[in-house]
Amino acid sequence: QVQLVESGGGLVQAGGSLRLSCAYSGRTFTNYAMGWFRQAPGKEREFVAAISWNVGSPYYSDSVKGRFTISRDNSKNTVYLQMNSLKPEDTAVYYCNSGPRGGVAGAYWGRGTQVTVSS
């Protein structure tokens, strides 16, 4: 059974940085692209970033491009999201996802980690 466990969220001032981690277990990690989505209060869950199984071709939503970087360490079965120049509108619960394609979520989700950016 696939399990995804996020960590690294917290409270940060605008302009600050956070690094999220997602530990994956249950199936062969390198068989899957991995991604991050987020959901702000009162809004639908939205795509943030994704990366292919072989670390190539990361892609981002327009709202985070140039500020966020997704990466993965296949030796540790972990995917990361480095978030820089954070804005109050980045406040959301961030979810790790296994197997996204073209910005559409795959089947498995973590429970999420809260990111709050104060102005």
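The rules behind the values
- Residue positions are given per chain, counting from 1 as you read along its sequence in written order.
- For a predicted model such as this one, the threshold for reporting local features is a pLDDT of at least 70, and the threshold for listing and counting side-chain atom pairs is 80 or more; totals across whole chains, interfaces and linings nevertheless cover every residue.
- Derived side-chain values reflect all non-hydrogen atoms in the structure, with water molecules and hydrogen atoms excluded from consideration.
- Only buried residues count toward a nonpolar core, which is a set of Ala, Val, Leu, Ile, Met, Phe, Trp, Tyr and Cys residues joined through side-chain atoms within 4.5 Å.
- For every residue, the accessible area obtained with a 1.4 Å probe (protein chains only) is divided by the maximum for its type, and the residue is called buried under 20%, exposed over 50%, and partly exposed between those limits.
- Only DSSP runs of H or I reaching four residues or more are called helices, and only runs of E reaching two or more are called strands; each is numbered from the N terminus.
- Two strands are counted as paired when DSSP detects at least two bridges linking them.

## Digging into the nonpolar core
And step 1. Among the nonpolar cores identified, the biggest contains 26 residues, and Met34, Trp36, Leu81, Met83 and Tyr94 are the most heavily contacted of them.
And step 2. At the level of secondary structure, the elements contributing two or more residues to this core comprise β3 (18-25), β4 (34-39), β5 (46-51), β7 (68-73), β8 (78-83), β9 (92-98) and β11 (113-118).

## Some points on the pairing of β4
And step 1. Summarising burial for β4: five of the six residues are buried, a large majority.
And step 2. Here β4 folds back onto β5 in antiparallel fashion, the turn holding six residues, of which Gly42 has a positive phi close to 75 degrees.
And step 3. Across six bridges, β4 lies against β9 in antiparallel orientation. Looking across to β9, one finds that Arg38 is bridged to Tyr94.

Note that all results are geometric; they support no functional claim without further evidence.
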